[in-house]
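# Breakdown of the fold
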Amino acid sequence: MKKLMLLGVFMASMLLPAVVFAEENVVPSEEQEVKNEEVQQEAVESVVEEDTDTVTEEQSTEVGSVVKEADKQEAVQNQSAVQQGWVEVNGYWYYYNTNGEIHKGWLTLDGSKYYLDETTGILQKDWYSIYNRTTGVTDWYFFDLNTGEMKVGWLQDNGQMYYLGDSGIRQYGIISHLGNYYYLDEYYGELQYGWLNVYDSQEGTYHTYYAGSNGAFYTGLKNIDSSKHYFNEKGQEQFGFQKINGGLYYFDEYTGMLYGWNYLYNPETDLYNYYYFDLATGIAKTGMIKIDGSTHFFNQYGEQTYGWVSYNNSWYYFDEYDGLYTGLREIYDYNTDAYHYHFFDSSTGALKTGWIQHNNTWYYFGKSGKAEPGWLLSSGNWYMIDYTGQMVTGWYETYDEYDDKYIYYYLNDDGKMHKGWKSINGEWHYFAQTGQEVTGWQKINNIWYYFHEAGYMATGYINFGDESYYFKSNGAMHTSGWVFDGYDWMFSQSSGVLKTGWYKENNKWYHFDEYGLMSIGSTDVNGVNYYFDKGGVMKTGWNWDGYSWYHANSNGVLSVGWKYLSGNWYYFNSYGRMSDDYMYIQGDYYLFNKSGIMQKGWIYSGGYWYYFRGDGRQHFGWLQLGSTWYYFHYTGSMATGPVQIGWQWYYFDNNGKLIG
């Protein structure tokens, strides 16, 4: 309070003379000076009367400062009575006009502009902000540190470059100067260098620029940090395809000029395609070009052309990645919507027709150059020429449109079609007299087998959606009785179908899931949980699975949720597992010990006391036990010592009792 009053005295001593001078515009009279001194004296006396017994040295000093400041103002006015032009008073410069008044605000002398504080009239130097009432914006100016002249143009200050417009206002954002563009920081107006990402409010987008060592934006093709970039006449970095001096280039947003292979979108053709840019110049290649040992073709747009190409009365094929094809090749035919094999000269790449022996194997290609696949009957045996044009050995597949399925055959090493049992790669297959590989259920020699869709004989457990079966190691279907596959127990009925659902044997209940696998542990059966031991027997009462405790009723149903047992409350999750720790249940916290018993009353844990109500819910906030009040934090821990609750401070002893 005392300091505030002293500050008021100081402000009064500073402002009163200034108000008089501004209104009268003359040297203050002796009567006015006496009046000002009386005001100052009254202010000082009011401070002394406020507390005459505790006047400190600090207060005395502040009062003295008030008087000195008044003297300072008087000295400035005395100077105005006798001088004109520039006057230095106590280290500050003022300007007195022809009427002897202190000039305030803007001043233009001999072509130079100055600014004198609108309140004190002191000449400003260094950076100074001035509120523009017309624009409603505060503008920054710089005034010479020695002369106070307003600066325009480029300015270096404290190692930073700034640009002051013709009116002296510090500039921001992108500016144009002497044919170059520059960027000045939006907040401080500092000239920026290097990579810049600047938002264009008119276009509603960002542009990338690069400012060189002098701050000017780069234009044209430039090498920056070992990569080339292209900038337009405004310095905006350009991306995508660019035509420069007749050459086609591509500039990536992150890496700059691209070289070598690139997969790009061309807006002129509205297509994505591969391009190859010269490794030295970056110019897109056109025509037939050999690259890294393979030949490729590029059209007039620089796009890689692949597929069939007629050249010098021969047909060639260019692959998107491998380039010019040679040797045996598989090519998709859009007319037939199928793949066909062709053979191309290993030297020239020209398409070949007729019989061709290649790597000691015979092929045949028709007049169109395509392989002509199909069955061939020779000397009473069937052979197959596959879709590659090669005589087939081993597996062969064909599509049966009528039955809408694939049919598989096996050709022996001599090319002859196989019939009957055949072990192939460790798996057994069976081929009918037509040579077709059988699949699905097959009764062979009065024994049921099952062959997978891939044709190999089934063994072990197989599920068919609604039914499951088990097949012996020789493929024969298992019937009637228990069977173990090394992982699960199953029970086969006389039909071979594995048992599902409940099964009672020797007065013990078992359960098999929908796949025929015996249930073990906590199991959901039609929305109800049961517990089965490792032998699959349904259990009642308490059960331990090695990780958690479960409790089953006399009918085997597992307890879920709250359960009152032997005078204690327990909680079991949706899987029937007993809770044995701190739990959040339906909006409240509870604590269960390792035996699963719900805890009540005071609990000491981790160096803190907690309290759980009679119904087990953890207590938070205020609690009255008898005549004693306690408070529990949002963590549930009991408060001790000083604690702020709301806007009020409280104190609790070490036992948590509220004492004040």
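### Remarks on the pairing of strand E54 (residues 608–612)
Successive residues of a regular strand alternate their side chains across the two faces of the sheet. Bridge count between strand E53 (residues 601–605) and E54: five bridges; the pairing is antiparallel. In the sheet register, tyrosine 604 faces E54, and the bridge partner there is tryptophan 609.

### Focus: the packing of aromatic side chains
Within this structure, the stated rule accounts for 99 aromatic pairs. Consider the rings of tyrosine 265 and tyrosine 272, whose centres lie 5.2 Å apart with planes at 50°: the pair is tilted. For tyrosine 265, a relative accessible area of 33% gives the class partly exposed. Here a set of aromatic residues connected by ring pairs shows up, and it is made of Trp261, Tyr263, Tyr265, Tyr272, Tyr274, Tyr276, Phe298 and Tyr321. Across the ring face of tryptophan 127, the terminal group of arginine 170 is positioned such that the distance to the ring centre comes to 4.7 Å.

### Describing the confidence of the model for the chain
Mean pLDDT over the chain: 85, with 88% of residues reaching 70 or higher. Throughout residues 1–70 the model reports pLDDT below 50, and contacts reaching past four residues in sequence, or to other chains, amount to 43 contacts.

### A short note on the nonpolar core
If you look at the biggest cluster of nonpolar residues, it comprises eight residues: Phe241, Leu248, Tyr250, Leu258, Leu264, Tyr275, Phe277 and Ala284. Going through the elements one at a time, strand E16 (247–252) and strand E19 (271–277) are the ones with two or more residues in this core.

### Re the pairing of strand E9 (residues 173–177)
Bridge count between E9 and strand E10 (residues 180–184): five bridges; the pairing is antiparallel. Its bridge partner being in E10, glycine 173 is matched across the sheet by leucine 184.

### Quick notes on the sheet that holds strand E23 (residues 307–311)
The three strands lie next to each other as E23-E24-E25, forming an open sheet whose pairing is antiparallel. Since the sheet does not close on itself, it has two edges, and those belong to E23 and strand E25 (323–324), each with one partner. Sheet analysis places E23 next to strand E24 (residues 314–319), joined by five bridges and oriented antiparallel. Residue pairing for E24: serine 310 is matched across the bridge by tryptophan 315.

### A look at the pattern of salt bridges
With the rule as written, the count across this model stands at seven salt bridges. Close ionic contact of glutamate 118 with arginine 133 constitutes a salt bridge, the shortest N to O distance being 3.9 Å. Here glutamate 118 is found in the loop between strand E4 (112–116) and strand E5 (126–132), whereas its partner arginine 133 is found in the loop between E5 and strand E6 (137–143), with 15 residues between them in sequence. With relative accessibility at 42%, the residue glutamate 118 sits in the partly exposed group. Residue arginine 133 is classed as exposed on the basis of its relative accessible area, which comes to 66%. For the salt bridge of aspartate 615 with arginine 617, the shortest nitrogen-to-oxygen distance reads 2.7 Å.

Calculation rules
- Residues numbered from 1 in each chain as written.
- Predicted model: local features only at pLDDT ≥ 70, side-chain atom pairs only at ≥ 80, totals over all residues.
- Heavy atoms only, no water.
- Pairing = 2+ DSSP bridges.
- Helix = DSSP H or I, 4+ residues; strand = E, 2+ residues; numbered from the N terminus.
- Phe/Tyr/Trp six-rings, centres within 6.5 Å; stacked < 30°, edge-to-face > 60°.
- Buried < 20%, exposed > 50% of the residue type's maximum accessible area, 1.4 Å probe, protein only.
- Lys NZ or Arg CZ within 6 Å of the ring centre and 35° of its normal.
- pLDDT = per-residue confidence, 0-100.
- Contact = heavy atoms within 4.5 Å.
- Core = buried A, V, L, I, M, F, W, Y, C linked by side-chain atoms within 4.5 Å.
- Salt bridge = Lys/Arg side-chain N within 4 Å of Asp/Glu carboxyl O.

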